[in-house]
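The lines below spell out each chain.
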Amino acid sequence: MKVKVLRQQYPGATPYWEVFDYDGPQDISVAGMLDYLNYNDDIVNDKGEETTRIGWECSCLQGICGACAMVINNVPALACETFLRNLKGKVVEIRPLRKFPVINDLVIDRSSIQENLKKTNVYIENFKPSEDEDHAHQYAAAKCLKCGLCLEVCPNYVNGNTFYGAAFANDCYLVVSRNSEKSGKIRKLYGEHFASSCSKSLSCMDVCPMNIPIISSMAKLNK
């Protein structure tokens, strides 16, 4: 199997494709495959040329941290939850998420997600829930990993603009549902940074690894 990786040595460097031969087990995840390729001290590409280890990051390897988000065969996904047995063809193509600055190879800077929340103060603060709490939906929305996959596929999101994407809208819902005193302010921010620009392609729901029903959060906030 060939593994084609879009590499970039440091921020601002010119990206380039490098191909590796993979002859390991097939019943593992893409994360496991990257570990396998990086295992030896002497790393070579498919041309037999010495090269450096592939840069990527992870924490849990159990689909709950979101750190290993990348684009695999043109599909944004978590590497730890994407298995070789489910991929078609003899070539696995991997590249970093394009909506975020690249630090090294597949490692990206997702700090803009948290910075947008900090700028707008979209945090629960004092716990003062509404009388008619929807606990099931609150639990689902709270599972957001901030992995960035929803922003990668969003046709409206560009890093640095005023549209903050589904991850922001999801947190707006959580704050409104858990602190009724901030409802008016948060709904206004939701309108400015999400609702006014969202084209409702709902591609965010298609790639969300936690299957968060963002359209339900939107409906509740749009009331």
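Residues numbered from 1 in each chain as written. Predicted model: local features only at pLDDT ≥ 70, side-chain atom pairs only at ≥ 80, totals over all residues. Heavy atoms only, no water.

Q: I'm lost on the environment of N38 in this one. Help?
A: By the secondary structure assignment, N38 is in helix α1 (residues 30-38). With relative accessibility at 10%, the residue N38 sits in the buried group. Residues N38 and I54, spaced 16 residues apart in sequence, show a C-alpha to C-alpha distance of 6.6 Å. With residues near it in sequence (within four places) discarded, N38 still touches I43, R53, I54 and W56. For N38, the side chain forms a polar contact with the main-chain nitrogen of I54, separated by 2.8 Å. (Helix = DSSP H or I, 4+ residues; strand = E, 2+ residues; numbered from the N terminus. Buried < 20%, exposed > 50% of the residue type's maximum accessible area, 1.4 Å probe, protein only. Contact = heavy atoms within 4.5 Å. Polar contact = N/O pair within 3.5 Å; in protein donor to acceptor, adjacent residues only side chain to side chain.)

Q: What's the story with the pairing of strand β1 (residues 2-7) in this structure? I'm lost.
A: For a regular strand, side-chain orientation follows a simple rule: the groups alternate between the two sheet faces. Both β1 and strand β2 (residues 16-21) contribute to a ladder of six bridges, which runs antiparallel. Its bridge partner lying in β2, L6 is registered against W17. One ladder, built from four bridges, connects β1 with strand β7 (residues 91-95); its direction is parallel. In the strand pairing of β7, V3 is matched with V92. (Pairing = 2+ DSSP bridges.)

Q: It is not clear to me how helix α2 (residues 111-120) should be interpreted in this structure. Could you clarify?
A: Within an α-helix, residues lying three or four positions from one another point in the same direction, as the helix has 3.6 residues per turn. Residues of α2 that are buried: S112, I113, N116, L117 and T120. The arc enclosing the buried residues of α2, seen along the axis, measures out at 140 degrees, which places them on a common side. Close packing links the buried residues of α2 with α4 (149-153), α5 (166-178) and α6 (183-195). At the exit of α2 stands N121, carrying a positive phi of roughly 55 degrees. (Arc of directions from axis to C-beta.)

Q: Help me understand the packing of α5 against helix α8 (residues 214-221), please; the structure alone is not making it clear to me.
A: Geometrically, a packed helix pair is captured by the angle between its two axes and the distance between the axes. Running from N to C, α5 and α8 cross one another at 55 degrees; their axes reach a closest spacing of 9 Å. The pairing of α5 with α8 is recorded here as oblique in orientation. Where α5 crosses over α8, the two elements pack in a sense that is left-handed. Across the interface between the two elements, A166, A169, N170, C172, Y173 and V176 of α5 pack against I214, S217, K220 and L221 of α8. Taken together, the residues that form the contact of α5 with α8 break down as seven nonpolar, two polar and one charged. (Axes fitted to C-alpha atoms, helices over the stretch in contact; angles between N-to-C directions. Parallel < 35°, antiparallel > 145°, perpendicular 65-115°, else oblique. Left-handed = near helix turned anticlockwise from the far one by under 90°. Nonpolar A, V, L, I, M, F, W, Y, C, P; charged D, E, K, R; others polar.)

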